[in-house]
Amino acid sequence: MRLNGKVALVTGANSGIGQAIAKRFAEEGAHVAVNYLAGGSRDEAAKETVGSLATEGMGAPADVSKRADVESMVNSILQKFGRIDIVVNNAGVEVKKPFVDITDEDWQFVLGVNLTGAFVVAQTVVRQLLKQGGGGKVINISSVHEDVPFPGYAPYCTSKGGMRMLMRNMALELAPSGINVNNIAPGAIATPINQAVLNDPVAAANAISEIPWGRFGKPEDVAAVAVFLASDEAGYVTGSTYYVDGGLVQQVTKY
Ligand code: BGC
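To start, this report covers the structure provided alongside it. What you see is a predicted model; the values in this text were computed from it and never measured. Every chain is numbered on its own, with residues counted from 1 as its sequence reads. Totals for whole chains, interfaces and linings use all residues, but because this is a predicted model, local features are given only for residues with pLDDT of at least 70 and pairs of side-chain atoms are given and counted only at 80 or more. Processing note: side-chain calculations cover all non-hydrogen atoms of the structure and skip hydrogens and water entirely.

1. Examining the overall build of the protein
Then comes step 1: For helices the rule is a DSSP run of H or I covering at least 4 residues; for strands it is a run of E covering at least 2, with both sets numbered from the N terminus onward. Each helix and strand counted, the protein has eight helices and seven strands in total.
Then comes step 2: On the principal axes, the C-alpha backbone points of the protein span a range of 55 × 40 × 35 Å.
Then comes step 3: Per-residue accessibility, obtained with a 1.4 Å probe over protein chains only, is compared with the maximum for each type, and a residue is labelled buried under 20%, exposed over 50%, and partly exposed between these values. Relative to its full complement of 255 residues, the protein shows a buried share of 49%.
Then comes step 4: The long-range share in the protein, meaning contacts at least 24 apart out of those at least 6 apart in sequence, stands at 73%.
Then comes step 5: All accessible-area figures derive from a Shrake-Rupley calculation using a 1.4 Å probe, and residue coverage is judged against the displayed protein chains alone. A total accessible area of about 12000 Å² is found for the protein, and carbon and sulfur atoms account for 54% of it. In this description, contact between two residues means that some pair of their heavy atoms is separated by no more than 4.5 Å.

And the structure:
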């Protein structure tokens, strides 16, 4: 077991990539706080996720874009497990709209969850890591779109590009404290965020034609890399992005 006895917070862990990471971390011996945005079917999904974990975990409701929510969530984790070792900033949202139609609300929503959320959660956890001493791991789930433009998704790409620079700055500032900071950049993964494409055979075939590996990724493909980055084996790994994309970013122009 590669994460035995560690305590991990995974944001947006009620579905998709976050859920796969929570499950895999628990299989590796970690206690996992499953963050989710309270309300609707997400409550039930989070409860099921916690119930499915191989170790004792906990539900951790919070809107990651709100500092007060995040602080009380981290306090509740400390109350239950006494420490925290690993944080995965996974919560993410998308709005698809032409640039000229994006509203201030769209912009604030996407930047709020994806980028402000990653900042607030990471900062709150890092303050605790510094108190504890002994380092820790920060992993951001960004996207191939931390680097690659995606027409129709300007706020999303902006948030992910921001995550890239946030990670690089944090890695340098926190290296003396033994805190590793890295990004995972998934490509097209079969999760709820891609449901519309997955449901449309033509769109799905188009997407797959752009993936050298010839298939959508699975959440477990991403979780495998997250386990490595969260483990002691990644002790000398910091300030980098790890692509889990079946070669998507290497795609060449074909005409
Ligand atoms: C987006 C997906 C997209 C994938 C590859 C991800 O970050 O969430 O909608 O399919 O990147 O373009």
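2. Some points on the nonpolar core
The nonpolar side chains of a soluble globular protein tend to be buried with one another.
Then comes step 1: Put simply, buried Ala, Val, Leu, Ile, Met, Phe, Trp, Tyr and Cys residues joined by side-chain atoms within 4.5 Å make one nonpolar core. Residues Leu9, Ile77, Val125, Val138, Met170 and Val181 are the most contacted members of the largest nonpolar core, which totals 38 residues.
Then comes step 2: Going through the elements one at a time, strand S1 (7-10), strand S3 (58-61), helix H3 (67-81), helix H4 (104-132), helix H5 (154-174) and strand S6 (179-186) are the ones with two or more residues in this core.
Then comes step 3: When residues in this core are grouped by element, the largest group, nine residues, is from H4.
Then comes step 4: Beyond its immediate sequence surroundings of up to four residues, valine 181 is in contact with Val138, Met167, Met170, Ala171, Leu174, Thr238, Gly239 and Ser240.
Then comes step 5: Formed by 32 residues, the second largest nonpolar core is a distinct cluster that contains Ala20, Ala26, Leu53 and Ala226.

3. Here we look at the site of the ligand
Then comes step 1: For this description, a residue counts as near a given molecule or strand if any of its non-hydrogen atoms is within 4 Å of it. The full set of residues close to the ligand is Glu94, Ser143, His145, Phe150, Tyr156, Gly187, Ala188, Ile193, Asn194 and Leu248.
Then comes step 2: Polar contact criterion, stated in full: a pair of N or O atoms within 3.5 Å, where within protein one must be able to donate a hydrogen and the other to accept it, and residues adjacent in sequence count only if both atoms are side-chain atoms. Within the side chain of serine 143, a nitrogen or oxygen atom sits 2.6 Å from an oxygen atom of the ligand.
Then comes step 3: The contact in question runs from an oxygen atom of the ligand to an N or O atom on the side chain of tyrosine 156, over 2.6 Å.
Then comes step 4: Contact with the protein chains covers 87% of the free accessible surface of the ligand, which is 310 Å².
Then comes step 5: Residue composition of the shell around the ligand, grouped by class: five nonpolar, four polar and one charged. Gly is placed with the polar residues, together with every amino acid not listed as nonpolar (Ala, Val, Leu, Ile, Met, Phe, Trp, Tyr, Cys and Pro) or charged (Asp, Glu, Lys and Arg).

4. Let's talk about helix H8 (residues 219-230)
Then comes step 1: How far a helix is expected to stretch is found by multiplying one less than its residue total by 1.5 Å. Here H8 is 12 residues long and its end C-alpha atoms lie 16 Å apart, about the 16 Å a rise of 1.5 Å per residue gives.
Then comes step 2: By the burial criterion, the buried members of H8 are Pro219, Val222, Ala223, Ala226, Val227, Leu229 and Ala230. On an axial view of H8, the arc spanned by its buried residues comes to 165°, and they lie on one face.
Then comes step 3: Contacts from the buried residues of H8 go to helix H1 (16-27), strand S4 (86-89), strand S5 (136-141), S6 and strand S7 (241-244). Note that the arc is defined by the directions from the helix axis to the C-beta atoms.

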